[in-house]
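# Chain and residue survey
One-letter residues, chain by chain:
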Amino acid sequence: MRVQLGRRLLDRQIIDRDGRLVGRVDDIEFAVDAAGFPYVACLLTGQGALGQRIGGRLGRLLVAVADRFVDDPPLPPVRIPLALVDRVDSVVRLRVGTAELPPSPVESWLRRHLIDRIPGADRASG
């Protein structure tokens, strides 16, 4: 079952309800219910999640690079609760817009340290 779930979800693009790209499914977080049965709790996205999934030297390198973009490493992956998933076909389609999702730590770092320092960036359309 785990292999089938991995094939069905891992590396698929995630798009919000408006068709905007959110990221890719880099890993899956499981939880256990009161009866002891595992279930998918969240989809994880971000370089840190991908690095942890891959493991080895390459995985550690991905995590280290991702951690450079946050003020307080380690970089937590963005967790998208399964309840926000509308359906899975060629992509993972969400019920919500991007603004309703947790912000990407890398994007937040880039905005704080680069984008906001550009003259006129506060007047840019978002």
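Residues numbered from 1 in each chain as written. Predicted model: local features only at pLDDT ≥ 70, side-chain atom pairs only at ≥ 80, totals over all residues. Heavy atoms only, no water.

## Regarding the overall build of the protein chain
So the rule is basically this: Segments assigned H or I by DSSP are reported as helices when at least four residues long, segments assigned E as strands when at least two residues long, and all are numbered from the N terminus. Accessible area is worked out with a 1.4 Å probe on protein chains only. A residue is then buried under 20% of its type maximum, exposed over 50%, and partly exposed in between. Here, two residues are considered to be in contact whenever any of their heavy atoms come within 4.5 Å of each other. All accessible areas in this document rest on Shrake-Rupley with a 1.4 Å probe, and a residue is counted as covered only by the protein chains that are shown.
Looking only at helices and strands, the protein chain has four helices and seven strands in total. Counting helices and strands in the order they occur from the N terminus, the protein chain gives α-β-β-β-β-α-α-β-β-β-α. When the 126 residues of the protein chain are sorted by exposure, 29% land in the buried category. Partitioning the contacts of the protein chain with sequence separation of at least 6, the portion at a separation of at least 24 is 49%. About 8,400 Å² of surface is accessible on the protein chain, with carbon and sulfur atoms providing 55% of the total.

## Side note on the nonpolar core
Our working rule: Residues belong to one nonpolar core when they are buried, are Ala, Val, Leu, Ile, Met, Phe, Trp, Tyr or Cys, and are joined through side-chain atoms within 4.5 Å.
Of all hydrophobic cores here, the largest spans 13 residues; its most connected members are Leu9, Ile14, Val25, Leu43, Ile80, Val92 and Leu94. Secondary-structure elements contributing two or more residues to this core are β4 (38-45), β5 (78-81) and β7 (92-94). In this view, Leu43 contacts Leu9, Val25, Asp27, Val78, Arg79, Ile80, Val85 and Val92; residues no more than four positions away in its chain are not counted.

## Thoughts on the pairing of β4
Let me state the cut-off plainly: Between any two strands, at least two bridges found by DSSP are needed for them to pair.
Across the eight residues of β4, six count as buried, placing the element largely inside the fold. Where strand β3 (residues 27-32) folds back onto β4 in an antiparallel hairpin, the turn is made up of five residues, including Gly36, whose phi is positive at roughly 90°. Across four bridges, the pairing between β4 and β5 is antiparallel. In the strand pairing of β5, Leu44 is matched with Arg79.

## Thoughts on the sheet that holds β4
Just so we agree on the cut-off: Axes here mean lines fitted to C-alpha atoms, for a helix over just the part in contact, with angles spanning 0 to 180 degrees between N-to-C directions.
Reading across from one edge, β3-β4-β5 is the order of the three strands in this open sheet, with antiparallel pairing throughout. The sheet terminates laterally at β3 and β5, the two strands that pair on one side only. In this sheet, adjacent strand axes meet at a mean angle of 40° when their direction is disregarded. With six bridges joining them, β3 and β4 adopt antiparallel strand pairing. In the strand pairing of β4, Ile28 is matched with Leu43.

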